[in-house]
Amino acid sequence: MLLYYYILLFVSSILLTTFFFVKWGRNVSIYLALLFLLIPLINLCYLKFALSTSTSEALLLNGLLYFLNFGVQFFSFLYVFTFCKIKLNRYITSICFLILSTGIVIMALSPWTVGILYKQVFLRNTNGIAYLRKQYTSVHTIYYCILVIFIIIDFLIMLLSMRKKHISRRNATVMLLSYSIISIAFIIGRAIAPEFDVMPCSYTILQIMLLIMIRRLAIYDIDLMVSIAIQQSETIGVASFDNEHRYLGCNSITEHFFPEFKELYVDSKLDNSTELFATVNHLMETAESHKGIAETTFKYQKQSFKISVSNLYISRFFSKRHKPVGHQIKIEDNTREQLNLRLLNNYNETLSKEVNEKTEKIERLMEQFVYGMAEMVQNRDNNTGSHIRRTSQIVKILTDDMRIENRLGRPESFYISLVKAAPMHDLGKIAVDDQILRKPGKFTPEEYEIMKSHAQKGAQIVRNIFGDYDDTEFSQICENVAHYHHERFDGSGYPEGLKGSKIPLEARIMAIADVYDALVSERCYKKAMPPEEAFQIIQDGMGIHFDPMLNYYFLRCREKIEEYYKS
């Protein structure tokens, strides 16, 4: 009956190991894989041990069991560290395993086992099942001590890991239960029924519990879930190349997208024989110089594909430094996305065109409104004549020249806004009484003070008109031009007596245009001044009335301004 027990457990462990490698073998820790390989070997040794016919044969199999049981305990120990996300030095663990396993082999498999581990042994046979009765030496205690130390460390680490946020308590509990089964079985087997070994049964139960736990662990392994999702996806192709651009393989989706991959031989270097292969080669070269990442969109037979490259890595178990060993090519069919993107772009272009057309229409209406307001002022002021249009043209001539070198460092929008704002510089005169505004002679001191108020009133009117206008730069320039175009560089102007650079640049430019036109234009109280004389007055006023920095542009534009007045 016991023989069937050992046979059943051996066959069960073989089936469980086969299931493990078919289902999860490529996607789990190397230590788990080693555990599943060792357990069927252990159960086979237990079966062979039960069928032993001589003491020497039984001792040999018993020594193998010592070694294999130690291997299970050691790899379980390492897996616990992996599960709890504690890093161990690969070289140190390898050296420890080599030293300990060598010691155990020497003790358990040497011809002098009796005398080292046992004082004496007796082979017994009950109902066709062999077992050894052994009297242990003190050296044998070392083996048990090593196993106990591993077990204690495992339990402590798992108990402590339950307090960590990034460790699943449910999975840790399953692991504790699994290792508890082995420990209890070992105690029972040695203390209660030495002729009946329960370890094969406990190992098989351990396999079942590990399979249950692995299924749960996979859910928590984000990298694994992403890898499986890509592998099973019907829309994502994957191909791999090493660092020398040699082909390693691809999935069926890649071959479906691009039949050229079917013609590639594994380990053949990718050439540029087709546009696709040339693109993939270029992407890999780009990735090598751009942190291992590159992507592009590739058109192929009326379809669109997103091809991206990332580094290819192998298991940390095989590569301590975790350096990239090649390139992973991911291919996604994004034909529909590109179509949606084109439709969206077309819609945005149409919408943008309509918005621009409406914006231009609003701006034209605004300009017409501004000129209309300026015309109203002009019609009320006998002295103004076409002053508004002439000063606007002078401002345009000056700003056109300022744009060439842009020494002032202002954006293009500043010059455009200033030209549009120039007609509004005298807008405040609309609020001045007709008797003063249309007076043919010079003003009295009281009348002059009232006339000077047009600067502040103009700023207020502009503020009321453009207060909610989206273009804040334009509205501010309009307000500054109206408010400060009578300020003087030395601080003797009005309405606030600003000095130097405290006067907004747009107002300083407007001041030159305003004064020059007033000098060369005929007024009811004076004749037009010759251009040469007006030019000299402007020159003499640099640093006093006008910003001397602007003299550079005024000199360059003198001929254009005088030609405009002649025309």
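Before any of the text, the structure's been laid out above.
If you're wondering where the values come from, they're calculated on a predicted model, not measured in any experiment. (Residues numbered from 1 in each chain as written. Predicted model: local features only at pLDDT ≥ 70, side-chain atom pairs only at ≥ 80, totals over all residues. Heavy atoms only, no water.)

## Regarding the overall build of the protein chain
Next up, step 1: Helix and strand counts for the protein chain come out as 22 helices and 7 strands.
Next up, step 2: The buried share among the 567 residues of the protein chain stands at 45%.
Next up, step 3: Within the protein chain, counting contacts between residues at least 6 apart in sequence, those at least 24 apart form 60% of the total.
Next up, step 4: Split by element, the accessible area of the protein chain, about 31200 Å² in all, is 59% carbon and sulfur. (Helix = DSSP H or I, 4+ residues; strand = E, 2+ residues; numbered from the N terminus. Buried < 20%, exposed > 50% of the residue type's maximum accessible area, 1.4 Å probe, protein only. Contact = heavy atoms within 4.5 Å. Areas by Shrake-Rupley, 256 points an atom, 1.4 Å probe, with all protein chains shown as cover.)

## Describing the pairing of strand 6 (residues 303-312)
Next up, step 1: Bridge analysis of strand 5 (residues 294-300) against strand 6 gives 7 bridges, and the strand direction is antiparallel. By the bridge assignment for strand 6, glutamate 295 is matched with serine 308.
Next up, step 2: Here strand 5 folds back onto strand 6 in antiparallel fashion, the turn holding 2 residues, of which glutamine 301 has a positive phi close to 50°.
Next up, step 3: Judged from the 8 bridges that link them, strand 6 and strand 7 (residues 326-333) form a sheet pairing that is antiparallel. In the strand pairing of strand 7, valine 309 is matched with isoleucine 329. (Pairing = 2+ DSSP bridges.)

## Thoughts on the sheet that holds strand 5
Next up, step 1: With antiparallel pairing, 5 strands are arranged side by side in an open sheet as 4-3-7-6-5. Looking at which strands have only one partner, the edges of the open sheet turn out to be strand 4 (247-250) and strand 5. On average, adjacent strands in this sheet sit at an angle of 20° to one another, irrespective of strand direction.
Next up, step 2: Helix 11 (residues 275-289) contacts strand 3 (236-242), strand 5, strand 6 and strand 7 of the sheet and is inclined by roughly 170° relative to strand 5. (Axes fitted to C-alpha atoms, helices over the stretch in contact; angles between N-to-C directions.)

## Some thoughts on the packing of helix 1 (residues 2-23) against helix 2 (residues 30-50)
Next up, step 1: Between helix 1 and helix 2, the shortest axis-to-axis distance is 9 Å and the interhelical angle comes to 165°. Of the possible angle classes, the one that applies to helix 1 and helix 2 is roughly antiparallel. Handedness of the helix 1/helix 2 crossing: left-handed. Facing helix 1, whose interface residues are Leu3, Tyr6, Ile7, Leu9, Phe10, Ser13, Ile14, Leu16, Thr17, Phe20 and Phe21, helix 2 presents Leu32, Ala33, Phe36, Leu37, Ile39, Pro40, Asn43, Leu44, Tyr46, Leu47 and Ala50.
Next up, step 2: Here the contact of helix 1 with helix 2 is composed, by residue class, of 19 nonpolar, 3 polar and no charged. (Parallel < 35°, antiparallel > 145°, perpendicular 65-115°, else oblique. Left-handed = near helix turned anticlockwise from the far one by under 90°. Nonpolar A, V, L, I, M, F, W, Y, C, P; charged D, E, K, R; others polar.)

## With respect to a nonpolar patch on the surface
Next up, step 1: On the surface, a cluster of nonpolar side chains totalling about 450 Å² of accessible area is made up of Leu341, Leu344, Tyr347, Leu351 and Val355.
Next up, step 2: Its location among the elements puts valine 355 in helix 12 (residues 335-380).
Next up, step 3: The exposure class of valine 355 is partly exposed, given its relative accessible area of 43%. (Patch = residues over 30% accessible without salt bridge, like charges linked within 9 Å, V, L, I, M, F, W, Y side chains within 5 Å. Salt bridge = Lys/Arg side-chain N within 4 Å of Asp/Glu carboxyl O.)

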